[in-house]
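Geometric and topological summary
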Amino acid sequence: MTMAANFGRYFLFILRREKIMSSVWIVSLVFFSALLAAVYPGLFPSEAALQSMAVTMNTPAMVALMGPVYGLEELTPAIAMAQECLIWFALAVIIMNIFFISRHTRLDEERGRFEMLVSLPVGRLTNSVSAIASAFLINLIIAVLIALSCIVIPMDGSTAAGGLAYGLSVGMQGFVFAAVALLAAQLFSTGRSCVGVSFAVMGVSYVMRAQGDVAGSVLSVLSPMGWGLQVEAFYGNDFGPVIGLFIEGVIIAAIALIINLRRDIGMGVFPARKGRARASRFLLSPFGLAWRLSRGSFLAWAAGILMIGLTYGAVVGELERFVEGNDIMKRMVEGGNAAASLVDAFIAMLNNIMSILIAIPLVNTVHRLVAEEKRGRMEPVLATAAPRHRMFGSYIIIALMESVVFSVLGAIGLYLTSASTGLVTLEVLMKAALFYLPALFVMIALSALLAGWVPRFSAAIWAVFAYSFLMLYFGRILDAPEYMVKITPFGHIPQIPVQEISVMPPAILCILAIILIAAGFLGYQRRDSGR
Amino acid sequence: MATIQITNLYKRFGRFTALNGVNMSVEPGEVHAFLGPNGAGKTTTLRCLLGILKASDGEIKLFGRDAFRDAVDLHRRLAYVPGDVNLWDNLTGGEVIDLFLALRGTRPDKERRDAYLQRFELDPTKKCRTYSKGNRQKVALVAALASEVELYVLDEPTSGLDPLLEKTFQDCIGELKKQGKSVLLSSHIMSEAERLADSVSIIKEGLIVFDGPMSQVLEQGIGLEELFLSEYEGRS
């Protein structure tokens, strides 16, 4: 085995490099799995609650989103949890695997770290074999710990076999995509394209599964994600898909290794695309640069928010059944608005949550101003005739624009999947979403203020974010006092369509935002720039 | 009027004093070498000069105007190569060069840009992510040299270049000098400074310890390297 010489040491070396990163992944995944196992029984206090949830889950939109429904005749909270959560765990683990493999293969090669390692007495395949082996080990650890969390925490319908089917399905889906990423790493010559192509495969696999699950066709089994769901955890406990996925992963990894043997270090099977030798006209201004650096994140978030809108819109028609007999859900949706219709209350709650979610990319955009500075890329820009105020202004304008676009997209998404119920109008949805803009402006403005005066503490905005999130999300469940919600920027927004439209609070928030942005601007004009 | 006139420049970061009363001037049309080891205050001085950092005290005049307040206007008349060139992973070298030329606001001269690309053997179609340190430095150098400006501020521009390209760089500086341009060249390669410079400043712990024309250095019968070492070792 000279091709994988020094495998053992290299394997341990990868694990050592992963000490923190993979531990964080493992701990958070297992934490959430345990949390869900603890929470699920409480969500469904009665057989009726379980049945009504199952009816909701059995609609085409929900099946497309989360996979097929099974075990209807003897539903348990464990089955409900597996149906609704397995796919999200699988997605998270797949993403982890893609980054893991890219990090240890193509990215190492691209950064030139690999060259140094290869000059040592290691085989041509040592790196790839160690990477896929350590990925397998980490997937296995996750699978076993998730299984344990389901077994240890008492939950109706939970069995050891069920827990294992649940955990192993997640782990083996991850392993297949580790192999896919390893293959992509041989084909393409940059870490970025390796990750990008693997994500594309994941996307195709998800869509194939959605199609297949809704139509009940073979497409589901052809997709690793669809096949993984067919373990029917806590019901059928079929380990066939687990074994199948393992073999699938081994075959893909083997193909990757064969290609690996035949190619030069630093090269891919497909050559790197050449970039532009000249800049397009649109890049050539402070705004053009800021936009170019924000574009990728903008597109990703736009797609994500539209998806979320579409998903929740699909629930509107099933709302009555969804909430019936479920106390926590009921309190959450209705909040202080018990008198309002359920649909109205739902829309108000949803916009509440969507708006805080939308704040994330906006804050990131403003923060890019500071991030660019910390990475030393602002220095050569400010040494040109690009005025500081235009750099500052460009990011603020992009963030403001994003806030409008994202809010509109969320509302459109909601409308598209709920229009057929006749319970909502686009006008109401738009109003409900757009009235949150002043709160988003204030979040942008607070970030701008920090970036302008105390760039070192610009992350403090996340404290505001976390507090607002807690208040908006859990405040209703925990019966938090009114003033604790009111001091967040989001607390003053009228919850349309439940509450009356009021103009004063949003107007005051807008004025506040303008003042804060102006203040941040003054700070940015006169402070030191740099690390 | 001096191109650069720095008078009693202080820069403090909290309790730490980086510049302790720097005095320095660069005359029009001269190549001025700015010498000192790492941490002596070279880069801090240059950053103050460019209005990236704000002086704690003292005065910096560029072309007779305030370097911080009038930064934007002044930057149309100069080009800068940072010591540590950080670029955007996703942009190609060609895009970055065009961007800097455009932001500087000087008239873009495609032939001049392409000529420098060739002289420095830089492939502009590659993403900056894939460039080595030397190649990133070349991007910044081409973006600076291709600009038609009066002053070039270069912070250790050759630290990542091979000897052949180092020679190319020296030729380029020679050409700028013939055209009557001013150059402020921070460096710790003494032979390079000795060959190119008309005058020299040596900075030590935030203070200028030698400032004078190259001829004065040579009159003393010692090379620049010996002068530099004597400032740093001999008198302490």
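On a predicted model such as this, the values are computed, not experimentally measured, just so you know.

**Re the overall build of chain A**
What chain A contains, in helices and strands, is 24 helices and zero strands. With respect to the principal axes defined by its C-alpha atoms, chain A has extents near 75 × 70 × 35 Å. Here chain A holds 531 residues, and the buried ones make up 52% of them. Long-range contacts, defined here as pairs at least 24 residues apart, represent 79% of the contacts in chain A between residues at least 6 apart. As displayed, chain A has an accessible area near 22800 Å², and 70% of this comes from carbon and sulfur atoms. The positive charge centre, built from 36 side chains, and the negative charge centre, built from 30, are 19 Å apart in chain A.

**Points about the nonpolar core**
Membership of the largest hydrophobic core comes to 229 residues, with the highest contact counts inside it found for Tyr166(A) and Phe120(B). Both domains that furnish three or more residues to this core are identified here as domain 1 (20–107 + 136–262) and domain 2 (283–526) of chain A. Residues contacting Tyr166(A), with those up to four places away along its chain left out, are Met81(A), Ala82(A), Cys85(A), Leu86(A), Phe89(A), Ile146(A), Cys150(A), Ala233(A) and Phe234(A).

**Regarding the packing of aromatic side chains**
How two aromatic rings sit relative to each other is set out by the distance from centre to centre and by the angle between their planes. This structure, assessed with the given rule, holds 20 aromatic pairs over all chains. For the ring pair Phe31(A) and Phe32(A), a centre distance of 5.5 Å and an interplane angle of 70 degrees mean the geometry is edge-to-face. These aromatic residues form a ring-pair network of at least three members: Phe89(A), Tyr166(A) and Phe234(A). Cation over ring: Arg209(A) sits above Tyr206(A), and NZ or CZ is 4.7 Å from the ring centre. The ring of Tyr232(B) carries the charged tip of Lys204(B) above its face, separated from the ring centre by 5.4 Å.

**Notes on the pattern of salt bridges**
Counting across every chain of the model gives 26 salt bridges over all chains. With its nearest N and O atoms 3.0 Å apart, the salt bridge here joins Glu109(A) to Arg263(A). With Glu109(A) in helix H6 (residues 106–110) and Arg263(A) in the loop between helix H13 (240–262) and helix H14 (286–313), this pair connects stretches of sequence that are 154 residues apart. Overall, Glu109(A) belongs to the buried group, its relative accessible area being 11%. For Asp213(A), the salt bridge goes to Arg209(A), with nearest N and O atoms at 2.6 Å. Taken as a pair, Asp213(A) and Arg209(A) lie in helix H10 (residues 191–215) at a separation of four residues, close to a single helical turn. Connected through salt bridges with shared partners, the residues Arg65(B), Arg69(B), Asp70(B), Asp73(B) and Arg76(B) form a single ionic network.

**Considering a nonpolar patch on the surface**
Residues and elements named next belong to chain A. A surface patch of nonpolar side chains, amounting to about 580 Å² of accessible area, comprises Leu137, Leu140, Ile141, Val144, Leu145, Leu148, Ile151 and Val152. Its place among the elements puts Leu140 in helix H8 (residues 126–152). Overall, the relative accessible area of 32% leaves Leu140 in the partly exposed class.

**Quick notes on helix H20 (residues 426–434) of chain A**
Listing the buried residues of H20(A) in full gives Leu429(A), Met430(A), Ala432(A) and Ala433(A). Projected down its long axis, H20(A) carries its buried residues within an arc of 165 degrees, all on one side.

**Quick look at the interface of chain A and chain B**
With 36 residues of chain A in contact, the opposing surface of chain B contributes 37 residues. With both chains or domains summed, chain A and chain B bury close to 3400 Å², and 56% of this area falls on carbon and sulfur atoms. Broken down residue by residue, the surface that chain A buries against chain B is led by Arg278(A), Glu379(A) and Ala385(A), which jointly contribute 18%. There are five salt bridges connecting chain A and chain B. Linking Arg292(A) and Glu95(B) is a salt bridge whose minimum nitrogen-to-oxygen distance equals 3.1 Å.

**Considerations on the sheet that holds strand S5 (residues 65–66) of chain B**
Residues and elements named next belong to chain B. One open sheet accounts for four strands, arranged S2-S1-S4-S5; its pairing is antiparallel. Each edge of the open sheet is held by one strand with a lone partner, namely strand S2 (16–26) and S5. Bridge count between strand S4 (residues 57–62) and S5: two bridges; the pairing is antiparallel. Its bridge partner lying in S5, Lys61 is registered against Asp66. Along the sheet face, helix H1 (residues 42–49) touches strand S1 (4–13), S2 and S4 and points at about 115 degrees away from the line of S1.

**A short note on the packing of H8(A) against H13(A)**
Residues and elements named next belong to chain A. Their axes nearest at 10 Å, the elements H8 and H13 cross at an angle of 165 degrees. Overall, the two elements H8 and H13 adopt an arrangement that is roughly antiparallel. Regarding H8 and H13, the two cross each other, and that crossing is right-handed. Between H8, through Ser128, Val129, Ile132 and Phe136, and H13, the contact on the second element is made entirely by Phe246, Ala253, Leu257 and Asn260.

**Details of the side chain of Thr190(A)**
Residue position: Thr190(A) is located in the loop between helix H9 (160–187) and H10. Taking relative accessible area as the criterion, Thr190(A) reaches 14% and is therefore assigned buried. A distance of 2.7 Å separates polar atoms of two side chains, one belonging to Thr190(A) and the other to Ser193(A). Those residues within four positions of Thr190(A) in sequence are excluded, and the remaining contacts are Arg106(A), Glu110(A) and Arg129(B).

**Overview of the domain arrangement of chain A**
Each assigned domain of chain A is listed with its residue range as follows: domain 1 (20–107 + 136–262) and domain 2 (283–526). Relative to domain 2 of chain A, the C-alpha centre of domain 1 of chain A lies at a distance of 31 Å.

**Notes on the pairing of strand S9 (residues 199–204) of chain B**
Residues and elements named next belong to chain B. Among the six residues that make up S9, six are buried, leaving the element largely enclosed by the rest of the structure. One ladder, built from four bridges, connects strand S3 (residues 31–35) with S9; its direction is parallel. Residue pairing in the sheet places Ala33 in a bridge with Val200 of S9. Between S9 and the antiparallel strand that follows it, strand S10 (residues 207–213), lie two residues; Glu205 among them carries a positive phi value of about 45 degrees.

**Some thoughts on the environment of Phe188(A)**
Residue and element names in this part refer to chain A. With respect to the helices and strands, Phe188 occurs in the loop between H9 and H10. In the structure, Phe188 is positioned 79 residues away from Met267 in sequence and 7.7 Å away in space, judged by C-alpha atoms. The residues contacting Phe188, other than those within four sequence positions of it, are Arg106, Ser193, Val197, Gly268 and Phe270.

**Here's the deal with the pairing of S4(B)**
Residue and element names in this part refer to chain B. Where S1 and S4 come together, five bridges link them in antiparallel fashion. For Ile4, the partnering residue across the bridge sits in S4 and is Leu62. Remark: two residues form the turn of the hairpin made by S4 and S5, two consecutive strands paired antiparallel; Phe63 in that turn has positive phi of roughly 50 degrees.

**A closer look at the sheet that holds S9(B)**
All names here are of chain B. One open sheet accounts for six strands, arranged S6-S7-S8-S3-S9-S10; its pairing is mixed. Both outer strands of the open sheet, strand S6 (78–81) and S10, are each paired with one neighbouring strand and no more. Adjacent strand axes in the sheet meet at a mean angle of 15 degrees, parallel and antiparallel pairs treated alike. Strand contacts of H1: S3, strand S7 (151–155), strand S8 (182–187) and S9, with the helix running at about 150 degrees to S8, the strand carrying the most contacts.

Analysis parameters
Residues numbered from 1 in each chain as written. Chains lettered and ligands numbered in written order. Predicted model: local features only at pLDDT ≥ 70, side-chain atom pairs only at ≥ 80, totals over all residues. Heavy atoms only, no water. Helix = DSSP H or I, 4+ residues; strand = E, 2+ residues; numbered from the N terminus. Buried < 20%, exposed > 50% of the residue type's maximum accessible area, 1.4 Å probe, protein only. Contact = heavy atoms within 4.5 Å. Areas by Shrake-Rupley, 256 points an atom, 1.4 Å probe, with all protein chains shown as cover. Lys, Arg positive; Asp, Glu negative; His and termini not counted. Charge placed at Lys NZ, Arg CZ, Asp CG, Glu CD. Core = buried A, V, L, I, M, F, W, Y, C linked by side-chain atoms within 4.5 Å. Domains from an automatic or database assignment. Phe/Tyr/Trp six-rings, centres within 6.5 Å; stacked < 30°, edge-to-face > 60°. Lys NZ or Arg CZ within 6 Å of the ring centre and 35° of its normal. Salt bridge = Lys/Arg side-chain N within 4 Å of Asp/Glu carboxyl O. Patch = residues over 30% accessible without salt bridge, like charges linked within 9 Å, V, L, I, M, F, W, Y side chains within 5 Å. Arc of directions from axis to C-beta. Buried area = accessible area lost by both parts, 1.4 Å probe. Pairing = 2+ DSSP bridges. Axes fitted to C-alpha atoms, helices over the stretch in contact; angles between N-to-C directions. Parallel < 35°, antiparallel > 145°, perpendicular 65-115°, else oblique. Left-handed = near helix turned anticlockwise from the far one by under 90°. Polar contact = N/O pair within 3.5 Å; in protein donor to acceptor, adjacent residues only side chain to side chain.

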